[in-house]
Amino acid sequence: VSMSESHRFVDSAAPAESASEGAPPAKGAEAAAEAGGVLSSHQPSLEAFDAQIAKYKGIQEAIIALPTSVDKGWLRIDSRPVKDALKNAAGKWVYAFTHHLETRVTLSVHELMGFFQTVVAGLGEDVDPEDHARLLVAMTHMRDVRRREESIDQSWVPLRGMVALLRKYQISIDEKVLEQLENAPFKWEEVKKAAINAREALGPLQALQAEKVKEEVEDFVSRMDDFTAIFKEEAPFKYDVSVERAYPLLDAWHRKLEEIELDAFHSQGQEELFDLTVHPFKELKTARAELNLLKLAWDHAALVQETFASYRSTLWKDVDVDGMVDETKQLLKQIKALPKQLVKWDVQQQLVADMQTMMIDLPLVQDLRDDAMRERHWKKLMRTTGRTFELNDKLALDHLLACKLSLFQDPVSEITEQARQEVKIDLALTKIANIWSGLKLEYEPFRQTGVACLLMPGEVYEALDDNELQLQNMMGNRFMGHFETQITDWKGKLAKTRSVVDIWMEVQRAWCSLESIFLGSEDIREQLPEDAKRFDQVDSDFREQMNVAKEQPNPIEAAMTEGREEIFNRCQAALDLCQKSLSDYLEVKKKKFPRFYFVAPADLIDILSKGRNPPAVQEHFSKFTDNTGKFDFVRDESGKETGVVKGMTSTDDEYVPFSTEFACEGQVEDWLSGLMAFSCDEVRLSLHEAINSFVELPRHEWLYKYPAQMSLTTGQVWWTTEVNSAFERLEQGNENALKDYLQIVIGGLKTLVDLVLGNLSRGDRIKFITLITVEVHARDIVQRMINQRIDNAGAFAWQSQLKYRWDEESANCLINICDAEMNYCYEYVGNTGRLVITALTDRCYI
């Protein structure tokens, strides 16, 4: 840091600039500046020099005070070489500062003395009134005195201070220099007196010459005005001058301006010599500034034109629009950052306009480079712009820029957008074509008929939904004109395909449901002869169409077959009539056997078609009964089932034998009605038998003898009977009647629990668990009535329970709850379990 600071002080003795702008410096002043004398204003203060010298003196003394050797254990280090080097380095810095001050004092004194001698000698000569050159020399000396008067008056104190500072550090100065410095102020006073005397002596000549200078300056001002006017008119301010002509013009005007500037400099010097008001000649300064700005503007114009020329020569396939846009933005930024004075000039305005035009053209060029552009789009662009060019490998950016795209910004954007949209439409149409070329219809034989029926074409419908929506959107696109024919053609094909496939599936669905009815059921053919003939014709047409269609896997090809849609429409109309007649026929059957209302139409038709063969209806029994899975038909000698029923089986495989057999004869709805009534009667008889044998057989034997439904109902009938009996005993005075019966119920529960813990079949286990559920409910009711101290059968706590009883007079099971009484319906429910019994489940059972 110290060395850097020292360099700053040493280097400060730089040559000073002339004190007067525009006029050549006096010889003495120039010498003083070159010598780095006190006339230079760029010198550090004496205090700063003193501080630096004192610092390095202190460093020297500190280095000298350091020991000459240092012992480190067995090693002795001799520090004298290092001390000497450091001391010499500090001494060099002291010498540099002191020598600099000494040199300044010496040169400054010598320069002043020389200046004094020159001025005194020059002013001491006589001036002939006719000697114009001699007069100028004298006037120059007087001017130099005026210029330097203030600086010389202020130099004596600094010079004496330097001398004192040097003496402080024992630096000697030449005695002659000290003597000259001592006498210099007196000689300076003599010089100023000589200048005053000369001014008085040369006053008349100065005044005469001053008038001549005024006239010359006035002539020059007039010439300068003419020059600036011509400059404004003929200098290259217009952009249409072109770069090629602009630079020679700038060079010519530079030379002209230099000449007139020299004349102006001479005029100012003359005015200063003769103590006249110096004209600033601002017009020339303005002209010089404008010429420099013109050069700057044309430099940027040349750069822009060269850059754009490189753009224009770029082949179309090599155009990098992004790079060009970035570079153009940078250029435009640089141009807009130029001095504001340029804004009003045509060269700057037109240059910015060219840049902005390019900023519009390049994005449009980028759009035109889109791969979607086709030859038809390029031709449309040519028609729009009125320019033509060839689309080949030699196509360059210049061909596009020559179209003046900025003037057709909206049309060009419209063309490029049209190209993009048309590519999307083209790709979409191609995709649609590929999809439909890959779709296939699949067929499978229908039952034993051998007719190839169409499988549900899910992929075809999915493609129809997607593609019809796409085509509809294409029709709404304002750029679809080129593809309108293709779009319309595809819309027609797909609409035809959907129409044919829809009616095809409807006809096939109806044919499949009616085929077995009208061709397999003689009963229906007899009942509906006209419809049977009508269906025969439909069957013939449908089979013929399907034989041809199975050889046409493509959906569009199959749908576009001539006459197919018309045939299917005719078949559909005939099938609708057949269906209506069949529905009317089925309604008659449902009214005769209402349970048919719970059967699906297809199942009902199947039942009716098989009605003459009761065993064939077996699969449908569970659909219109509560839980009857099948009926047990008597087999003949050959093992074939007959129409005689001897028992029934629930869907959970519980078998209930009938006490007598039932013959299924006549119309299907008739024998089904008889069979349902017969099965209910068998349940009633079995229930009556179970109720009667409940007290005759041991409980564990009785439980295995009867089906679950009879066991459960019998248990509830006897529970009701025994609770009523307990109430009667209670009324007769037996206060423990209910409690005694509660123990009986608990005993019955234990019996059931023991049985459940044994080895049981699945059906028996379900039956016993259900019985336990019912018995637990019965126990809880009895326990609750005991807790509530119910003492008669008319209490609401007992009346609100669901109670079963057997009426001997009507030989029927009745159900009571509160004041309601209903008949037990005897519908066979099989061996179904019960998870819980509550007041709500009682209502559900009712």
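Anything mentioned here points back to the structure above.
What comes next concerns the included structure. (Residues numbered from 1 in each chain as written. Predicted model: local features only at pLDDT ≥ 70, side-chain atom pairs only at ≥ 80, totals over all residues. Heavy atoms only, no water.)

### Examining the overall build of the protein chain
Of regular secondary structure, the protein chain possesses 30 helices and ten strands. The globule rule puts the C-alpha radius of gyration for 846 residues at 28 Å, and the 65 Å found for the protein chain is more than 25% above it. Out of the 846 residues belonging to the protein chain, those deemed buried represent 44%. The long-range fraction of contacts in the protein chain, counting pairs at least 24 apart against all pairs at least 6 apart in sequence, stands at 68%. If you average the places of the 99 positive and of the 139 negative side-chain charges in the protein chain, the two averages end up 3 Å apart. (Helix = DSSP H or I, 4+ residues; strand = E, 2+ residues; numbered from the N terminus. Rg over C-alpha atoms; globule rule 2.2 N^0.38 Å. Buried < 20%, exposed > 50% of the residue type's maximum accessible area, 1.4 Å probe, protein only. Contact = heavy atoms within 4.5 Å. Lys, Arg positive; Asp, Glu negative; His and termini not counted. Charge placed at Lys NZ, Arg CZ, Asp CG, Glu CD.)

### A closer look at the pairing of strand E6 (residues 641-650)
As judged from the six bridges shared by strand E5 (residues 628-635) and E6, these two strands associate in the antiparallel manner. Bridge pairing links Asp632 to Gly647 in E6. Pairing between E6 and strand E7 (residues 655-663): five bridges, direction antiparallel. Residue pairing in the sheet places Gly647 in a bridge with Pro657 of E7. Between E6 and E7, which pair antiparallel one after the other, the connecting turn spans four residues, and Asp653 there sits at a positive phi close to 70 degrees. (Pairing = 2+ DSSP bridges.)

### Things to note about the packing of helix H26 (residues 708-731) against helix H27 (residues 737-756)
Here H26 crosses H27 at 150 degrees, and the two axes come no closer than 8 Å. In terms of orientation, H26 lies roughly antiparallel with respect to H27. Only Ala737, Leu738 and Tyr741 of H27 make contact with H26, whose side of the interface consists of Trp719, Glu722, Val723, Ala726, Phe727, Arg729 and Leu730. By residue class, the composition of the contact of H26 with H27 is eight nonpolar, no polar and two charged. (Axes fitted to C-alpha atoms, helices over the stretch in contact; angles between N-to-C directions. Parallel < 35°, antiparallel > 145°, perpendicular 65-115°, else oblique. Nonpolar A, V, L, I, M, F, W, Y, C, P; charged D, E, K, R; others polar.)

### A closer look at the nonpolar core
If you look at soluble globular proteins, the nonpolar side chains tend to sit buried side by side. Formed by 112 residues in total, the largest nonpolar core has its most connected members in Trp436 and Trp504. Non-local contacts of Trp436, meaning those with residues more than four positions away in its chain, are made with Val460, Ala463, Leu464, Asn467, Trp490, Leu494, Thr497, Asn554, Pro555 and Ile556. In this structure, Leu257, Leu293, Leu294 and Leu381 belong to the second largest nonpolar core, which totals 67 residues. (Core = buried A, V, L, I, M, F, W, Y, C linked by side-chain atoms within 4.5 Å.)

### Describing the sheet that holds strand E9 (residues 812-817)
Pairing is antiparallel across the open sheet formed by three strands, whose spatial order is E8-E9-E10. Single-partner strands in this sheet number two, and they are strand E8 (803-807) and strand E10 (820-823). Neighbour to neighbour, the strand axes of the sheet diverge by 30 degrees on average, direction disregarded. Direction of pairing for E8 relative to E9: antiparallel, over a ladder of five bridges. Along E9, the bridge assignment pairs Lys803 with Asn816. Where helix H24 (residues 668-693) meets the sheet, its contacts fall on E8 and E9, and the angle it forms with E8 comes to roughly 95 degrees.

### Considerations on the packing of H27 against helix H28 (residues 762-787)
Interaxial distance between H27 and H28 falls to 9 Å at its minimum, and their mutual angle equals 160 degrees. Judged by the inter-axis angle, H27 sits roughly antiparallel to H28. Here the hand of the crossing between H27 and H28 comes out left-handed. For the pair formed by H27 and H28, the contact residues are Leu738, Lys739, Tyr741, Leu742, Val745, Ile746, Leu749, Leu752, Val753, Leu755 and Val756 on the first element and Arg765, Phe768, Ile769, Leu771, Ile772, Glu775, Val776, Arg779, Val782, Gln783 and Ile786 on the second. Residues belonging to the contact of H27 with H28 are distributed by class as follows: 17 nonpolar, one polar and four charged. (Left-handed = near helix turned anticlockwise from the far one by under 90°.)

### With respect to the pattern of salt bridges
Evaluation of the coordinates by the stated rule reveals 42 salt bridges. Put simply, Arg635 and Glu641 hold a salt bridge, and the shortest N to O gap is 3.6 Å. Through salt bridges with shared partners, one network takes in Asp367, Asp370, Glu417 and Arg420. (Salt bridge = Lys/Arg side-chain N within 4 Å of Asp/Glu carboxyl O.)

### So, H28
If you check H28, its first and last C-alpha atoms are 37 Å apart, about what 26 residues at 1.5 Å a residue would give, namely 38 Å. Directly after H28, the chain includes Arg789, whose backbone phi takes a positive value near 60 degrees. (Expected span 1.5 Å × (residues − 1).)

### Topic: a nonpolar patch on the surface
Together, Val70, Trp74, Leu75 and Ile77 make up a nonpolar patch on the protein surface, roughly 440 Å² of accessible area in all. For Trp74, the position within the fold is in the loop between strand E1 (69-72) and strand E2 (75-78). (Patch = residues over 30% accessible without salt bridge, like charges linked within 9 Å, V, L, I, M, F, W, Y side chains within 5 Å. Areas by Shrake-Rupley, 256 points an atom, 1.4 Å probe, with all protein chains shown as cover.)

### Here's the deal with unusual backbone geometry
Of all residues except glycine, most have a negative phi; of all peptide bonds, most are trans. Although it is not a glycine, Ser242 sits at a positive phi angle of roughly 80 degrees. Note that Ser242 resides in the loop between helix H8 (203-234) and helix H9 (243-273). Even without being glycine, Ala811 reaches a positive phi, approximately 50 degrees. Its location among the elements puts Ala811 in the loop between E8 and E9.

### As for the sheet that holds E6
Reading across the sheet, the three strands line up as E5-E6-E7 and stay open at both edges, with antiparallel pairing between neighbours. Single-partner strands in this sheet number two, and they are E5 and E7. Each strand of the sheet is rotated relative to its neighbour by a mean of 30 degrees, with strand direction disregarded. Across the sheet, H24 is in contact with E5, E6 and E7; its angle to E7 comes to roughly 130 degrees.

### Remarks on the side chain of Glu682
Summarising the element assignment, Glu682 is placed in helix H24. Look at Glu682: it is buried, it has no salt bridge, and the nearest opposite charge is Arg684 at 8.7 Å. Contact partners of Glu682, with chain neighbours within four places excluded, come to Pro657, Phe658, Ser659 and Thr660.

### Let's talk about the packing of aromatic side chains
The final tally for this structure, using the stated rule, is 35 aromatic pairs. Measuring from ring centre to ring centre gives 5.8 Å for Tyr56 and Trp93, while their planes differ by 20 degrees; the resulting arrangement is stacked. You can see Tyr56 sitting in helix H3 (residues 46-65) and its partner Trp93 sitting in helix H4 (residues 80-124), a full 37 residues away along the chain. Side by side, Tyr56 and Trp93 carry an identical accessibility label, which is buried. Aromatic rings pair up to connect Phe227, Phe231, Phe237, Trp253 and Trp345 into one cluster. Residue placement shows Arg564 over the ring face of Trp504; its charged tip is 5.6 Å from the ring centre. One Lys or Arg, Lys803, reaches over the ring of Trp798 and ends 5.5 Å from the middle of that ring. (Phe/Tyr/Trp six-rings, centres within 6.5 Å; stacked < 30°, edge-to-face > 60°. Lys NZ or Arg CZ within 6 Å of the ring centre and 35° of its normal.)

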